[in-house]
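Chain and residue survey
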Amino acid sequence: MKTVFADTGYWIALINPNDNLHSKAREITQTLYPLKIITSEMVFVECLNAFSDKGTWLKQSMIKLIHRSKNNPNITVYPQDQEMFISALELYQNRLDKSWSLTDCASFNIMKKHNILEALAHDQHFIQAGFNALLR
């Protein structure tokens, strides 16, 4: 089973039918099936923040997705803890030349730890960090 990392943009596109990447996200999910997805609570925080002013339906849909993912054996959600924060902060500090977010840095660290080279992402930062962004 293929293992990929799922970034914020993927989850947002999957939930929001009006997102430009909605069809691509659904298509790539079906193409890669079966797959193991790794993501993080930090990614989910970004998703919830993105939907905070987008209406009740999208907010509720994201909440449901988060709850379902926590119980899905094919999805691993890394908790947001001090160790993750500190290691992401170190990468952030070491790459001041990049416009990577702290969540990007945490995601890259998770991917490196698990030898994951592909991400369900459109974000060019994944490419800058040496990964394959599957939604591009």
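Check the entry above for the structure.
Residues numbered from 1 in each chain as written. Predicted model: local features only at pLDDT ≥ 70, side-chain atom pairs only at ≥ 80, totals over all residues. Heavy atoms only, no water.

Let's talk about the overall build of the chain
Across its full length, the chain holds 7 helices and 5 strands. For the chain, the sequential pattern of α-helices and β-strands runs β-α-α-β-α-α-β-α-α-β-α-β. By the compact-globule yardstick of 14 Å for 136 residues, the chain fits well, its C-alpha radius of gyration being 14 Å. In terms of overall dimensions, the chain has a C-alpha envelope of 40 × 35 × 30 Å along the principal axes. Taken across its 136 residues, the chain has 43% of its residues classed as buried. Across the chain, contacts joining residues at least 24 apart in sequence account for 61% of those joining residues at least 6 apart. Surface exposure of the chain reaches about 7,600 Å², of which carbon and sulfur atoms provide 50%. The averaged location of the 13 negative side-chain charges in the chain is 6 Å from the averaged location of its 14 positive side-chain charges. (Helix = DSSP H or I, 4+ residues; strand = E, 2+ residues; numbered from the N terminus. Rg over C-alpha atoms; globule rule 2.2 N^0.38 Å. Buried < 20%, exposed > 50% of the residue type's maximum accessible area, 1.4 Å probe, protein only. Contact = heavy atoms within 4.5 Å. Areas by Shrake-Rupley, 256 points an atom, 1.4 Å probe, with all protein chains shown as cover. Lys, Arg positive; Asp, Glu negative; His and termini not counted. Charge placed at Lys NZ, Arg CZ, Asp CG, Glu CD.)

Notes on the packing of aromatic side chains
Per the counting criterion, the structure on display carries 6 aromatic pairs. Aromatic side chains Y10 and W11 sit 5.1 Å apart centroid to centroid with 65 degrees between the ring planes, which places their arrangement in the edge-to-face category. Across this residue pair, the class does not change: Y10 and W11 are buried. The interplanar angle of 90 degrees and the centroid separation of 5.0 Å between the aromatic rings of F108 and F126 together place this pair among those described as edge-to-face. Taken together, the residues span a long stretch of sequence, with F108 in helix α6 (residues 102-113) and F126 in helix α7 (residues 124-128) at a distance of 18 residues. (Phe/Tyr/Trp six-rings, centres within 6.5 Å; stacked < 30°, edge-to-face > 60°.)

Digging into helix α2 (residues 22-32)
Listing the buried residues of α2 in full gives H22, A25, I28 and L32. Projected down its long axis, α2 carries its buried residues within an arc of 140 degrees, all on one side. Facing away from the buried surface of α2 by more than 90 degrees, the exposed residues are S23, E27, Q30 and T31. Close packing links the buried residues of α2 with β1 (2-6), α1 (8-15), β2 (35-40) and β4 (118-120). (Arc of directions from axis to C-beta.)

Notes on the environment of L48
Note on placement: L48 falls in helix α3 (residues 41-51). Through-space distance from the C-alpha of L48 to that of I12 is 9.1 Å; in sequence the pair is 36 residues apart. The residues touching L48, leaving out its near neighbours within four places in the chain, are M62, I63 and I66.

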